[in-house]
Amino acid sequence: MPATAVFLQKACLQHRYIRTRDNSHIVERPERLRAVNVGLAAAVARLEETTPAASNSTTGASSSAVSTKQEEEDELTQALGKLQIASSSPQGSVSFVHSDASVDLLNHPAIKFVHGDIERDVYLETLKLWAKDSQDKVAKGESEIPAGYSQGDLYLCPGSLDAIQGALGTVCEAIDAVVRDESQPSQAFVAIRPPGHHCGEDTPSGFCFVNNVAVGAAHAHLQHGIKRVVIFDIDLHHGNGTQSIAWSINEETYRQKLEMEHGAPASKPGLQVYYGSLHDILSYPCEDGKAELIQAASVSIHGPHGQHIENVHLEPYTSEEEFWETLYAKRYSRVLDKARAFLDSTGGASDDTLVFISSGFDASEHEYPSMSRHQRKVPTSFYYRFAKDAKAFAEKYAKGRLISVLEGGYSDRALTSGAMAHLIGLAHDGETGIDENWWSLPNLTALEAATKKRRGGRPSQTIPPEPWLARTVEIFASIDSSHTVPAAPRAPIPPSSRTLRERKPPSSASAASAKASPATSPGEKDEGKAGKRATKGQPAVPTSGSGSGSESDLTDVTSGTASEHEGESASVKKLPRVILKLGPAPPKA
């Protein structure tokens, strides 16, 4: 069995923005998963290069394993998706699992452990209602997100519930595979959305409605007896929701410990969570300067009150040498050092330990400038090296069991390069064979061209010249399902505020001028067919006068007076006369 598994969830594509037809400002979009899949496919293709005997020009001899459960796809996609591919690579090969797992928000112990209430699950019930009523709300011109919540970074649609429940189900499925059976993969990368690390117990924010990693930790504790969880958060933004939940869990476990020390009956040991975050203190959620958020994102506490939390702030750098020798080695690695101290002080290496990575790729050097405007970035190789370091950490303390879950990352290039480097770091064994130029800018540009989306969402059919690119396209076609999901219904176009202005009969002079001109405008030719032309989303309007040759008589009632517009239309514009003069013919040779 391959050492690393990648879990994909088709339902996560159903979470879409439907409030308006213009979604150009939405960065947390379904297409993110396509960009991630391009990077994952490239990672497998490059890993195959390290073991040439395991790779082949055909998909059937690949070192990746694909198990699919997709429905209602065209024949080609079904044939590719159902391929059972043998795994023969000794170099940490990868298996892809197309998951159809789902959980009920109101009937799952781990979800209730994190997001439930003592008496009834108020927040979860409310979330289901928001998603169910979203289409009707938008159709009425209202927002599907209630007042008091951020309208800019929270949105829902009827398919969001399936996406959220599918994401949580896939995380739990990956944990079951990693923890339950030693014959299963030791590491897993879970490519899901929407992200989760900003969501607290009942506080959705920052694109997040439930906390995927926190629910996964609770599932591991309740179902598999995991007592210690380590969470590394490498998203650009502080995971304020995850830290808040970890604090509450640790607080309850610490309370139980104190009660037992003072004579209370012994009970089942509670869960202990270490949370270590590497983030930009100037970005969301701290960007507005709220003291409580900045303080939370700067906490460093280890032991007192049962808390184990480390926050490290990203800093600008001027060279790769400075990044690796100064920032990474001496500062950023503290999140790993403090995790080691946490486990050493609570029993050392043990079967009761599981490691998570909240894998956000939005600190990437290739992220949108608007997202990384404070210049707190990391080179792409960071995602490779941190994955290797986290894997070594898990091998020492948790029998290698590690679950990496997608969080942020919004530009296609940031997601593709980050996912590629991260998976190679998780899957590759050994210190040699990896070339960090694999994710250099020229190679990323070639990768983007080879997998460029054509109509229908599939990659271009042009065969790339280099073998690794051809292999990437082949793997990508077998794992990506973004083109199979139909477009979600959009919000109706609101009524226009434009009206017809009053027309006057043309003067005799202008009528004579029109008769004298042999040329006619497109508007005059089409006038008898459709009356006045319609604006987008508006019906065609019959002509109110008989002598107009105007292409459109619609005007915004708020811009200028009627007399101003009439004056403009009445004036006749004359084109300059152009005369071309030819010079003498050139002399004959």
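Residues numbered from 1 in each chain as written. Predicted model: local features only at pLDDT ≥ 70, side-chain atom pairs only at ≥ 80, totals over all residues. Heavy atoms only, no water.

Draft legend 1. Structural context of the overall build of the protein. Of the regular secondary structure elements, the protein holds 17 helices and 12 strands. The buried share of the protein, taken over its 589 residues, is 49%. Nonlocal contacts in the protein, meaning residues at least 24 apart in sequence, comprise 77% of its contacts between residues at least 6 apart. Accessible surface computed for the protein: about 27800 Å², of which carbon and sulfur atoms make up 54%. (Helix = DSSP H or I, 4+ residues; strand = E, 2+ residues; numbered from the N terminus. Buried < 20%, exposed > 50% of the residue type's maximum accessible area, 1.4 Å probe, protein only. Contact = heavy atoms within 4.5 Å. Areas by Shrake-Rupley, 256 points an atom, 1.4 Å probe, with all protein chains shown as cover.)

Draft legend 2. Region of the structure containing the pattern of salt bridges. This model, assessed by the stated rule, comprises 22 salt bridges. A salt bridge links Arg 255 to Glu 252, with the shortest nitrogen-to-oxygen separation between them at 2.3 Å. One end of the pair, Arg 255, and the other, Glu 252, are both in helix H7 (residues 240-261), three residues apart, so they sit about a helical turn from each other. Take Arg 255: its relative accessible area is 36%, and that puts it in the partly exposed class. Since its relative accessible area comes to 34%, Glu 252 is described here as partly exposed. Of the charged contacts, one joins Glu 287 and Arg 373 as a salt bridge, the two residues approaching to 2.6 Å between their closest N and O atoms. On the criterion of sequence distance, the pair formed by Glu 287 in the loop between strand S6 (272-279) and helix H8 (291-296) and Arg 373 in the loop between strand S9 (353-359) and helix H11 (381-397) is long-range, its members being 86 residues apart. For Glu 287, a relative accessible area of 35% gives the class partly exposed. Connected through shared salt-bridge partners, Glu 28, Arg 32 and Arg 193 make up one network. (Salt bridge = Lys/Arg side-chain N within 4 Å of Asp/Glu carboxyl O.)

Draft legend 3. Expanded view of the pairing of strand S4 (residues 187-191). Most of S4 sits out of view: five of its five residues are buried. Covered by surrounding structure in S4 are Gln 187, Phe 189 and Ala 191 together with Ala 188 and Val 190, the residues of both alternating faces. As defined by bridge partners, strand S1 (residues 4-9) adjoins S4 across five bridges and the pair is classed as parallel. Residue pairing in the sheet places Ala 5 in a bridge with Ala 188 of S4. Judged from the four bridges that link them, S4 and strand S10 (residues 402-406) form a sheet pairing that is parallel. Bridge pairing in S10 links Gln 187 to Leu 402. (Pairing = 2+ DSSP bridges.)

Draft legend 4. Just the confidence of the model for the protein, in detail. Scored by pLDDT, the protein comes out at a mean of 82, with 75% of its residues at no less than 70. Predicted confidence is poor over residues 54-92, with pLDDT under 50, and the contacts of this stretch with residues over four places away or in other chains come to 84 contacts. A low-confidence stretch, residues 511-571 stays under pLDDT 50, and its non-local contacts, those more than four residues away or across chains, total 56 contacts. (pLDDT = per-residue confidence, 0-100.)

Draft legend 5. Looking closely at the environment of Tyr 328. Looking at where Tyr 328 falls in the secondary structure, it is placed in helix H9 (residues 320-332). Between the alpha carbons of Tyr 328 and Leu 314 there is a distance of 9.8 Å; along the sequence they are 14 residues apart. Contacts of Tyr 328, omitting those with residues within four sequence positions, involve Phe 323, Ser 333, Leu 336, Phe 382, Arg 385, Phe 386 and Asp 389.

Draft legend 6. Up close: a negative patch on the surface. On the surface, Asp 117, Glu 119, Glu 201 and Asp 202 cluster together into a negatively charged patch. Among the secondary structure elements, Glu 201 is positioned in the loop between S4 and helix H6 (212-224). (Patch = residues over 30% accessible without salt bridge, like charges linked within 9 Å, V, L, I, M, F, W, Y side chains within 5 Å. Lys, Arg positive; Asp, Glu negative; His and termini not counted. Charge placed at Lys NZ, Arg CZ, Asp CG, Glu CD.)

Draft legend 7. Molecular detail of helix H14 (residues 467-479). Helix length check: H14 (13 residues) gives 19 Å between terminal C-alpha atoms against 18 Å at 1.5 Å per residue, within 8%. Buried within H14 we find Trp 468, Leu 469, Arg 471, Thr 472, Val 473, Ile 475, Phe 476, Ser 478 and Ile 479. (Expected span 1.5 Å × (residues − 1).)

Draft legend 8. Representation of the packing of aromatic side chains within the structure. Scanning the model with the defined rule gives 19 aromatic pairs in all. Between Tyr 274 and Phe 342 the ring centres are 6.1 Å apart and the planes differ by 25 degrees, which places this aromatic pair in the stacked class. Of this pair, Tyr 274 sits in strand S6 while Phe 342 is found in helix H10 (residues 334-345), placing the two residues 68 residues apart along the sequence. We note that Tyr 274, like Phe 342, is buried. Measuring from ring centre to ring centre gives 6.4 Å for Phe 323 and Phe 382, while their planes differ by 90 degrees; the resulting arrangement is edge-to-face. Within this pair, whereas Phe 323 is found in helix H9, its partner Phe 382 is found in helix H11, the two being separated by 59 residues in sequence. A cation sits over an aromatic face here: Arg 46 above Trp 468, 3.8 Å from the ring centre. The ring of Trp 324 carries Arg 385 above its face, with NZ or CZ at 3.9 Å from the centroid. (Phe/Tyr/Trp six-rings, centres within 6.5 Å; stacked < 30°, edge-to-face > 60°. Lys NZ or Arg CZ within 6 Å of the ring centre and 35° of its normal.)

Draft legend 9. Just the state of the cysteines, in detail. Under the criterion given, the structure shown has zero disulfides. With no disulfide of its own, Cys 199 has Cys 208 as its nearest cysteine by sulfur position, at a separation of 6.8 Å. Among the residues examined, Cys 199 registers a relative accessible area of 0% and is labelled buried. (Disulfide = S-S within 2.5 Å.)

Draft legend 10. Structural context of the nonpolar core. Grouped together as the largest cluster of nonpolar side chains are 131 residues, with contacts concentrated most on Phe 232, Phe 382 and Phe 386. Residues within four places of Phe 386 in sequence aside, it is in contact with Phe 232, Ile 234, Tyr 328, Val 335, Leu 336 and Ile 357. (Core = buried A, V, L, I, M, F, W, Y, C linked by side-chain atoms within 4.5 Å.)

Draft legend 11. Representation of unusual backbone geometry. Residue Pro 194 is bonded to the preceding Arg 193 through a cis peptide linkage, with omega at 0 degrees. In this fold, Pro 194 is placed in the loop between S4 and H6. Cis geometry is adopted by the peptide bond preceding Pro 285, which originates at Tyr 284 and carries an omega value of 0 degrees. Look at Phe 207: it is not a glycine, yet its phi comes out positive at around 75 degrees. Within the element layout of this structure, Phe 207 appears in the loop between S4 and H6. Given the relative accessible area of 17%, Phe 207 is considered buried.

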